[in-house]
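Here are the chains, one letter per residue:
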Amino acid sequence: MITLEPSAAEKVRVLVLDIDGVLTRPELVLGRDGEELKVFSVKDGVAIKFAQHAGIDVVFLSARSSLIVEHRATMLGVTEVYQGEHAKLSRIRRIAEEHGIGLEAIAYVGDDIVDIEPLMAAGVGIAVADACADVLAVVSHVTDALGGRGAVRETVEAILKARGDWERVVKDYIANAS
């Protein structure tokens, strides 16, 4: 389980998540007719709801494009989805500007080469356990969980626990889900 400094976690206002290899397993499954399939972790989905309940905006950012990502975002109430974005650093700078925050208020979770610049620029850069070696070399925080298998849950839990908000958010979420 990653551990974050409370001072860094307190600053987080936006959680930016890469898709392939972070929210999904690092695999591309194609159906017989060429349709793309992705597997998302239910635990990660619940964690996204926890983050939103705690007042953290969640953003999906991917170099690839997929209708499945739009569908998953809609299911989770994620309204900011950027796909086909190869210049991810430029995009997170625009995200920060649009939210009226500095980069130190962004937590970014990534796994591959295109994520290196935003990971280094964000206030909190987190790699999933099965990230490529180049990514692992530049981050201070690495999840125990693999991409698509609870890494986002671990990230959100670490942020909220460092803030002292975890128990309250879970309790409120459960009470409001009934």
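All of these numbers come straight from a predicted model, not from anything done at the bench.

**Structural notes on the packing of aromatic side chains**
Turning to step 1, where the next piece is worked out: This structure, assessed with the given rule, holds two aromatic pairs.
Turning to step 2, where the next piece is worked out: When the centroid spacing of 5.4 Å and the interplanar angle of 85° are considered together, the rings of Phe-50 and Trp-166 count as edge-to-face. Here Trp-166 lies in helix α8 (residues 166–177) and Phe-50 lies in helix α2 (residues 42–53), a separation of 116 residues in the sequence.
Turning to step 3, where the next piece is worked out: Exposure remark for Phe-50: the relative accessible area of 5% places this residue in the buried category.
Turning to step 4, where the next piece is worked out: Classification of Trp-166 by relative accessible area gives buried; the value is 14%.

**A look at the environment of Val-114**
Turning to step 1, where the next piece is worked out: Structurally, Val-114 is set in the loop between β6 (106–110) and α5 (116–121).
Turning to step 2, where the next piece is worked out: Residue classification places Val-114 among the partly exposed residues on the basis of a relative accessible area of 38%.
Turning to step 3, where the next piece is worked out: Distance in space between the C-alpha atoms of Val-114 and Tyr-82 is 14 Å, their sequence separation being 32 residues.

**Focus on the nonpolar core**
Turning to step 1, where the next piece is worked out: With 57 residues, the main nonpolar core has Val-16, Leu-17, Ile-48 and Phe-60 as its most contacted residues.
Turning to step 2, where the next piece is worked out: For this core, the leading source of residues is helix α7 (residues 151–163), giving seven residues.
Turning to step 3, where the next piece is worked out: Those residues within four positions of Leu-17 in sequence are excluded, and the remaining contacts are Leu-23, Ile-48, Val-58, Val-59, Phe-60, Leu-61, Val-109 and Val-152.

**Some remarks on the pattern of salt bridges**
Turning to step 1, where the next piece is worked out: A complete count under the given rule lists 12 salt bridges for this structure.
Turning to step 2, where the next piece is worked out: A salt bridge links Lys-88 to Asp-18, with the shortest nitrogen-to-oxygen separation between them at 2.8 Å. In this pair, Lys-88 sits in helix α4 (residues 88–99) while Asp-18 sits in the loop between β1 (14–17) and β2 (29–30), placing the two residues 70 residues apart along the sequence.
Turning to step 3, where the next piece is worked out: For Lys-38, the salt bridge identified is with Glu-36, shortest N-O distance 2.8 Å. With respect to burial, Lys-38 and Glu-36 carry one shared label: buried.
Turning to step 4, where the next piece is worked out: One network of salt bridges, in which partners are shared, links Asp-20, Glu-36, Lys-38 and Arg-64.

Conventions adopted
Residues numbered from 1 in each chain as written. Predicted model: local features only at pLDDT ≥ 70, side-chain atom pairs only at ≥ 80, totals over all residues. Heavy atoms only, no water. Phe/Tyr/Trp six-rings, centres within 6.5 Å; stacked < 30°, edge-to-face > 60°. Helix = DSSP H or I, 4+ residues; strand = E, 2+ residues; numbered from the N terminus. Buried < 20%, exposed > 50% of the residue type's maximum accessible area, 1.4 Å probe, protein only. Core = buried A, V, L, I, M, F, W, Y, C linked by side-chain atoms within 4.5 Å. Contact = heavy atoms within 4.5 Å. Salt bridge = Lys/Arg side-chain N within 4 Å of Asp/Glu carboxyl O.

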